[in-house]
Amino acid sequence: MRYKKTVLITGGAGFIGSHVVRLFVQKYPQYRIVNLDTLTYAGNLENLRDIEKAPNYTFIKGNIRDTAFLKDLFESYRFQGIIHLAAESHVDRSIENPMEFIETNVIGTVNLLNAARLAWRGQEGCRFYHVSTDEVYGSLGDEGLFTETTAYDPRSPYSASKAASDHFVRAYHHTYHLPVVLSNCSNNYGPNHFPEKLIPLIINNILHGKPLPIYGDGKYARDWLWVKDHASAIDVIFHKGKEGETYNIGGNNEWKNIDLVEKLCDIMDEKTGKPQGSSQKLITFVKDRPGHDRRYAIDASKLRDELGWTPSITFEEGFRMTIDWYLTHPDWIKNVTSGAYQQYYEKQYDNR
Ligand code: NAD
Ligand code: TYD
């Protein structure tokens, strides 16, 4: 079959990437979707078992840090679109080991920009979509929301590396007229989320009767978005976003960590038939994360007003679907938490 275009999705074996790959493979049979992922601890091909045999899908194991590999890849596949999600994504790990974040998130992104620039010289109709985070804007006080014009103020090695990559993407647009579009999204939740991040970590610990670590006073706030709604926003921005523009994506759904964890405990008790209040007894306040950002909240009105995107489900629905997914996928949890995960978790917890 002759495809209308070939789209490269990087980081497609990870949490958000796997939902984006599935959406594009199923919704656009006229596109050839190439998933490039190096399969770090966070990448898992099990996330894509249901679509791996689709005729318009190809997986390639490779590292965006490797320039020679990227050159060959871009010569073999004439990509017209790139959706770049590959990254080191966990703030706590970035505090332990910032270099990994610079190498993948900054240098890896610039490697991809260079490959696209070389491949697309004189070519029309191409698009480089960079997927980023609201954490680049820093931390809010009790009031206010991040907009697309909020000044960058990254405060963790993770957010600094994402901010640097965002700047490079914009610089390549201004300097070389690379056709780019960007988005900055709030915290995602849903199936296939690696259990180092708050929601799946708490679910996993409840299932194992382990303490539920709450950093600091637990009053840190995050805006939570259903991962499939992030994927649908990426679809809309990839196809309709204006070249050179940035769009904030958010769920208009702010929660303090402690309130979110208490709600999670109550639903887990309900679903697993335990007496109400049992899981909350596991809540343990631990030493705070260094440099912990107090509050993130997103104004996503530009995306709504200009491109017509809004979240498709309520948090109540998404949260329950997420919990059901974890309760019905014990093997997935077991596989991703075997081996190095245990060591990582114990080290994190011992340090607190
Ligand atoms: P993730 O850690 O679950 O997945 C990252 C994927 O990238 C993994 O499959 C990993 O194997 C791959 N990868 C890492 N280094 C690579 C390299 N050098 N070469 C090729 N592949 C590599 O991350 P996620 O939560 O799915 O986040 C995806 C993107 O979305 C990231 O860019 C992140 O900054 C951004 N983002 C995440 C959130 C969130 O709440 N998780 C919110 C906003 C933006
Ligand atoms: P996380 O899921 O790591 O996402 P991010 O730091 O990128 O927002 O953390 C979400 C919030 O939960 C953040 O305020 C840190 C806090 N947190 C805990 O209190 N305990 C934990 O064990 C983890 C992993 C996070």
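This structure is a prediction, so every number in the text was calculated from the model and none was measured. (Residues numbered from 1 in each chain as written. Chains lettered and ligands numbered in written order. Predicted model: local features only at pLDDT ≥ 70, side-chain atom pairs only at ≥ 80, totals over all residues. Heavy atoms only, no water.)

1. Observations regarding the site of ligand 2
Defined as follows: Summary of the distance rule: residues count as near a molecule or strand when at least one heavy atom falls within 4 Å of that molecule or strand. Any N or O atom pair separated by 3.5 Å or less is treated as a polar contact, with the protein-specific requirement of one donor-capable and one acceptor-capable atom, and with residues adjacent in sequence counted only for side-chain atom pairs. The Shrake-Rupley method, run with a 1.4 Å probe sphere, supplies the accessible areas, and residue values consider only the shown protein chains as cover. Only DSSP runs of H or I reaching four residues or more are called helices, and only runs of E reaching two or more are called strands; each is numbered from the N terminus. Note on residue classes: Ala, Val, Leu, Ile, Met, Phe, Trp, Tyr, Cys and Pro are nonpolar, Asp, Glu, Lys and Arg are charged, and everything else, Gly too, is polar. Those domain boundaries reflect an automatic or database domain assignment.
Taken together, the neighbourhood of ligand 2 is formed by 17 residues, with Glu135, Pro213, Arg222, Arg289 and His292 sitting nearest. A distance of 2.9 Å separates a nitrogen atom of ligand 2 from a polar atom in the backbone of Pro213. Between ligand 2 and Arg289 there is a distance of 2.5 Å, counted from an oxygen atom to a side-chain nitrogen or oxygen. A total of 510 Å² of accessible area belongs to ligand 2 in isolation, and the protein chains cover 97% of it. When residues in the shell around ligand 2 are grouped by element, the largest group, three residues, is from strand E8 (residues 212-215). Its residues assigned to classes, the shell around ligand 2 shows eight nonpolar, four polar and five charged. Inspection of the shell around ligand 2 shows a minimum of three residues originating in each of domain 1 (5-189 + 225-249) and domain 2 (198-221 + 254-296 + 313-342).

2. Remarks on the sheet that holds strand E2 (residues 31-37)
Paired through backbone hydrogen bonds, the strands of a sheet run either parallel or antiparallel to each other. We apply this condition: Strands qualify as paired when DSSP identifies two bridges or more between them. Working convention: axes come from line fits to C-alpha atoms, limited for helices to the stretch in contact. Angles between N-to-C directions cover 0 to 180 degrees. Here a residue-residue contact requires only that any non-hydrogen atoms of the pair lie within 4.5 Å.
As summarised here, the arrangement of the seven strands in space is E3-E2-E1-E4-E5-E6-E10, forming an open sheet in which the pairing is parallel. Of all strands in the sheet, those bounded by a partner on one side alone are strand E3 (57-61) and strand E10 (246-249). Strand-to-strand twist across the sheet, computed as the mean angle between neighbouring axes with direction ignored, equals 20 degrees. Helix-sheet contacts for helix H4 (residues 98-119) involve strand E1 (5-10), strand E4 (81-84) and strand E5 (127-133), and the interaxial angle to E5 is about 165 degrees.

3. Structural notes on the side chain of Asn192
Here is the rule: Burial status follows relative accessibility: with a 1.4 Å probe on protein chains alone, a residue under 20% of its type maximum counts as buried, one over 50% as exposed, and anything between as partly exposed.
Its place among the elements puts Asn192 in the loop between strand E7 (187-189) and helix H6 (198-207). On the accessibility criterion, Asn192 (8% relative accessible area) is buried. Here Asn47 takes part through its side chain, which lies 3.0 Å from a polar atom of the side chain of Asn192. The contacts of Asn192, once residues within four sequence positions are left out, are Phe15, Ser18, His19, Asn47, Trp325, Tyr326 and Trp332.

4. Overview of the site of ligand 1
Lining the immediate surroundings of ligand 1 are 28 residues, of which Asp37, Asn63, Ser89, Tyr158 and Lys162 lie closest. Phe15 places a main-chain nitrogen or oxygen 3.0 Å from an oxygen atom of ligand 1. Within the side chain of Asp37, a nitrogen or oxygen atom sits 2.5 Å from an oxygen atom of ligand 1. Calculation on ligand 1 without its partners gives an accessible area of 840 Å², and the protein chains cover 96% of this total. Looking at the shell around ligand 1, the elements with two or more residues in it are helix H1 (15-27), E5, helix H5 (157-176) and E7. For the shell around ligand 1, the element with the most residues is E5, which contributes three residues. Taken together, the residues of the shell around ligand 1 sort by class into twelve nonpolar, 14 polar and two charged.

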